[in-house]
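# Structural overview
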Amino acid sequence: MHPAVVRVTEAAAAQGLELDLHQFPEGTHTAEDAARAIGVEVAQIVKSLVFVVDDAPVMALVAGHNRLDERRLSAAIGGGKAKRADADLVKATTGFSIGGVPPFGHVSELRTVVDEDLLAYPVVWAAAGTAYDVFPLTPDELVRVSGGTVAPLRKD
């Protein structure tokens with residue numbers, strides 16, 4: 001098992017969540033790739049996106065079919081202008097590379113906002129630390145283990 005996947009598995013276990021890991025050698029780099037590999041709707045894929053709001057990194061967990069509205073993300077945390085973090089900042093704050101960032105288990109404490117559209121599904125799928133490893137969980141589990149606040153994040 002890849003060391004990043006071990007870190008995610010251990011972080012989940014520490015919160016009482018046992019992961020059902022699935023590996024896809026062809027990769028799950030994008031939400032579309034993941035949905036195709038798993039055989040689910042793109043909307044069931046959790047995109048773990050890092051943004052910077054008022055100079056602080058913030059994690060946005062967004063439904064795979066949605067584009068994030070940066071103003072809504074800022075409003076959800078009572079902040080100012082939001083901008084997407086670059087790959088170096090994502091790696092530094094989460095400990096994971098883009099394409100494999102999980103919704104929890106990061107090296108830094110990140111304020112997290114969960115897209116309300118993810119709550120429409122009985123099961124959603126998230127990255128497990130690499131672009132090849134994913135796991136299913138319920139939206140309630142996602143909110144609980146990420147410590148996230150649910151808010152509308154979809155760009156209209």
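Now for a quick tour of the structure.

How each quantity is defined
Each chain has its residues counted from 1, running along the sequence as written. Given that this is a predicted model, residues contribute local features only at a pLDDT of at least 70 and side-chain atom pairs are listed and counted only at 80 or more, while totals for whole chains, interfaces and linings are drawn from all residues. Water and hydrogen atoms play no part in the side-chain values, which are based on all heavy atoms of the structure. Side-chain rings of Phe, Tyr and Trp, where Trp is taken by its six-membered ring, are said to pair if the distance between their centres is within 6.5 Å; with planes under 30 degrees apart they count as stacked, over 60 as edge-to-face, and otherwise as tilted. Each helix is a run of DSSP H or I of at least 4 residues and each strand a run of E of at least 2, with the numbering of both proceeding from the N terminus. Two strands pair if DSSP finds at least two bridges between them. Geometry is summarised by axes, namely lines fitted to C-alpha atoms with helices restricted to the contacting stretch, and by angles between N-to-C directions that run from 0 to 180 degrees. Two residues form a contact once any of their heavy atoms are found within 4.5 Å. Criterion for a salt bridge: a side-chain nitrogen of Lys or Arg within 4 Å of a carboxyl oxygen of Asp or Glu. Exposure classes here rest on a 1.4 Å probe applied to the protein chains alone. A residue is buried below 20% of its type maximum, exposed above 50%, and partly exposed in between.

### Focus: the packing of aromatic side chains
Applying the stated rule across the entire model yields one aromatic pair. Ring geometry for Phe104 and Phe135: centres 5.9 Å apart, planes at 65 degrees, overall edge-to-face. Of the two residues, Phe104 is situated in the loop between helix 4 (87–94) and strand 5 (111–115) and Phe135 in strand 7 (residues 133–137); the sequence distance between them amounts to 31 residues.

### So, the sheet that holds strand 3 (residues 56–63)
The strand order 4-2-3-5-8 describes an open sheet built from five strands, whose pairing is mixed. Two strands bound the open sheet, and with one partner strand each, they are strand 4 (82–84) and strand 8 (149–151). Neighbour-to-neighbour, the strand axes of this sheet turn through a mean angle of 35 degrees, independent of strand direction. As paired elements, strand 2 (residues 46–53) and strand 3 share eight bridges and run antiparallel to each other. In the strand pairing of strand 3, Ser48 is matched with Leu61. Across the face of the sheet, helix 3 (residues 70–77) comes into contact with strand 2, strand 3, strand 4, strand 5 and strand 8 while running at roughly 75 degrees to strand 2. Its contacts with the sheet put helix 4 on strand 2 and strand 3, and the angle it makes with strand 2 is roughly 100 degrees.

### Focus on the pattern of salt bridges
In this structure the tally under the stated criterion is five salt bridges. For Arg72, the salt bridge is made with Asp156, and the minimal N-O distance between the two is 3.1 Å. Taken together, the residues Arg72 in helix 3 and Asp156 in the segment after strand 8 connect sequence positions 84 residues apart. Between Asp117 and Arg154 there is a salt bridge; the shortest N-O distance is 2.5 Å. Taken as a pair, Asp117 in the loop between strand 5 and strand 6 (124–127) and Arg154 in the segment after strand 8 lie far apart in primary sequence, 37 residues in all. Asp117 sits in the buried class, given a relative accessible area of 16%. Within the structure, one salt-bridge network assembled from shared partners comprises Arg72, Asp117, Arg154 and Asp156.

### Looking at unusual backbone geometry
At Asp54, a residue that is not glycine, the phi angle is positive and equals roughly 50 degrees. With respect to the helices and strands, the residue Asp54 is situated in the loop between strand 2 and strand 3. Positive phi outside glycine occurs at Asp55, with the angle close to 70 degrees. Its location among the elements puts Asp55 in the loop between strand 2 and strand 3.

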